[in-house]
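The lines below spell out each chain.
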There are 2 protein chains.
Amino acid sequence: MKARIHITLKNGVLDPQGKAIQQALAGLAFDGVEDVRQGKFIEIELTESDADTARVQVSDMCEKLLANTVIENYDIEIVA
Amino acid sequence: MKARIHITLKNGVLDPQGKAIQQALAGLAFDGVEDVRQGKFIEIELTESDADTARVQVSDMCEKLLANTVIENYDIEIVA
């Protein structure tokens, strides 16, 4: 199974990297950009073949290592 | 409109960050992890209200700034 994980900053947490991208886009004359937020995207290839077990396992990985749950949200998608 | 962009390393391009995550997961006794790839996830809020125009605009942003198209692929999803 493959797990696709999105890790994004929680609302209200300052995102300097997103702001830097926004300013760079403005500098390249891209108008109409209201907001930019940058997050992480992690793809994990698992040997586990049961989707529910895989989800629990990946959720545990997020809590323990991948995400800083004080300031970040994570979203897990299990694909076959 | 909102654009969700995934920027991932092309197949065959070494991903040291992914390997570091994989080793850290192994160190935390998570078995069954075959491969880890880390990419970027960018959300852009646009004033543009036409989906096709927004896609062209974001594609242009990826080519010029957001992705290094020599080693990275990008995937754009436009959401209302």
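Note that the coordinates shown come from a computational prediction; the quantities given were computed from them, not determined experimentally.

**Description of the overall build of chain A**
At step 1: The secondary structure content of chain A amounts to two helices and three strands.
At step 2: Along its sequence from the N terminus, chain A presents helices and strands in the succession β-α-β-α-β.
At step 3: On C-alpha atoms alone, chain A measures out to a radius of gyration of 16 Å, which is more than a quarter above the 12 Å that the 2.2 N^0.38 rule sets for 80 residues.
At step 4: Once the C-alpha set of chain A is aligned to its principal axes, its extents read approximately 50 × 25 × 15 Å.
At step 5: Counting across all 80 residues of chain A, residues that qualify as buried make up 38%.
At step 6: For chain A, the share of sequence-separated contacts (at least 6 apart) that also reach a separation of at least 24 residues comes to 67%.

**Some remarks on the relation of the copies chain B and chain A**
At step 1: Mapping chain B onto chain A leaves a residual RMSD of 0.0 Å; the transformation is a rotation of 180° accompanied by 0.0 Å of translation along its axis. Read as a symmetry element, the transformation amounts to a two-fold axis. For chain B, the smallest separation between a C-alpha atom and the rotation axis is recorded for Lys-40 of chain B, amounting to 2.4 Å.
At step 2: Same-surface contact between copies: 100% of interface residues of chain B are shared with the interface of chain A.

**A short note on the confidence of the model for chain A**
At step 1: Here chain A averages 97 in pLDDT, and 100% of its residues register 70 or above.
At step 2: Interface confidence for the predicted complex, given as ipTM, is 0.92, next to a pTM of 0.93.

**Let's talk about the pairing of strand β2 (residues 33-46) of chain B**
At step 1: Two strands pair when backbone bridges link them, and strand β2 (residues 33-46) of chain A and β2 of chain B are joined in this way by 13 bridges, in the antiparallel orientation. Each bridged residue has a counterpart across the sheet, and for Glu-43 of chain A the counterpart in β2 of chain B is Arg-37 of chain B.
At step 2: Of the strand pairs in this sheet, strand β1 (residues 2-9) of chain B and β2 of chain B are connected by six bridges, and their pairing is antiparallel. Within β2 of chain B, the residue paired with Arg-4 of chain B across the bridge is Glu-43 of chain B.

**Focus: the interface of chain B and chain A**
At step 1: Of the residues lining the interface, 31 residues belong to chain B; the matching set on chain A comes to 31 residues.
At step 2: Roughly 2,700 Å² is buried in total at the junction of chain B and chain A, and carbon and sulfur atoms are behind 66% of that figure.
At step 3: At the surface where chain B touches chain A, the tally comes to zero salt bridges.
At step 4: Our count for the contact surface shared by chain B and chain A stands at 13 residue pairs in polar contact (both at pLDDT 80 or more).
At step 5: Residue assignment for the side of chain B that touches chain A shows that the elements contributing at least two residues are β1, α1 (16-27), β2 and α2 (51-66) of chain B.
At step 6: Here the side of chain B that touches chain A gets 14 residues from one element, more than from any other, and that element is β2 of chain B.
At step 7: Classifying every residue of the side of chain B that touches chain A gives 14 nonpolar, seven polar and ten charged.

**As for the sheet that holds strand β1 (residues 2-9) of chain A**
At step 1: Across the sheet, which stays open at both edges, the six strands sit in the order β3(A)-β1(A)-β2(A)-β2(B)-β1(B)-β3(B) with antiparallel pairing between neighbours. Here the strands that pair on one side only, and so sit at the sheet edges, are β3 (72-79) of chain A together with β3 (72-79) of chain B. Mean inter-strand twist for the sheet, computed between neighbouring axes without regard to direction, equals 20°.
At step 2: Examined bridge by bridge, β1 of chain B and β3 of chain B share eight bridges and lie antiparallel to one another. Counted as the bridge partner of Leu-9 of chain B is Glu-72 of chain B from β3 of chain B.
At step 3: Strand contacts of helix α2 (residues 51-66) of chain A: β1, β2 and β3 of chain A together with β2 of chain B, with the helix running at about 155° to β3 of chain A, the strand carrying the most contacts.

**A word on unusual backbone geometry**
At step 1: Even without being glycine, Ala-29 of chain A reaches a positive phi, approximately 65°.
At step 2: Relative to the elements of secondary structure, Ala-29 of chain A occurs in the loop between α1 (16-27) and β2.

So, how was this worked out
Residues numbered from 1 in each chain as written. Chains lettered and ligands numbered in written order. Predicted model: local features only at pLDDT ≥ 70, side-chain atom pairs only at ≥ 80, totals over all residues. Heavy atoms only, no water. Helix = DSSP H or I, 4+ residues; strand = E, 2+ residues; numbered from the N terminus. Rg over C-alpha atoms; globule rule 2.2 N^0.38 Å. Buried < 20%, exposed > 50% of the residue type's maximum accessible area, 1.4 Å probe, protein only. Contact = heavy atoms within 4.5 Å. Least-squares fit on C-alpha atoms with pLDDT ≥ 70 in both. pLDDT = per-residue confidence, 0-100. Pairing = 2+ DSSP bridges. Buried area = accessible area lost by both parts, 1.4 Å probe. Salt bridge = Lys/Arg side-chain N within 4 Å of Asp/Glu carboxyl O. Polar contact = N/O pair within 3.5 Å; in protein donor to acceptor, adjacent residues only side chain to side chain. Nonpolar A, V, L, I, M, F, W, Y, C, P; charged D, E, K, R; others polar. Axes fitted to C-alpha atoms, helices over the stretch in contact; angles between N-to-C directions.

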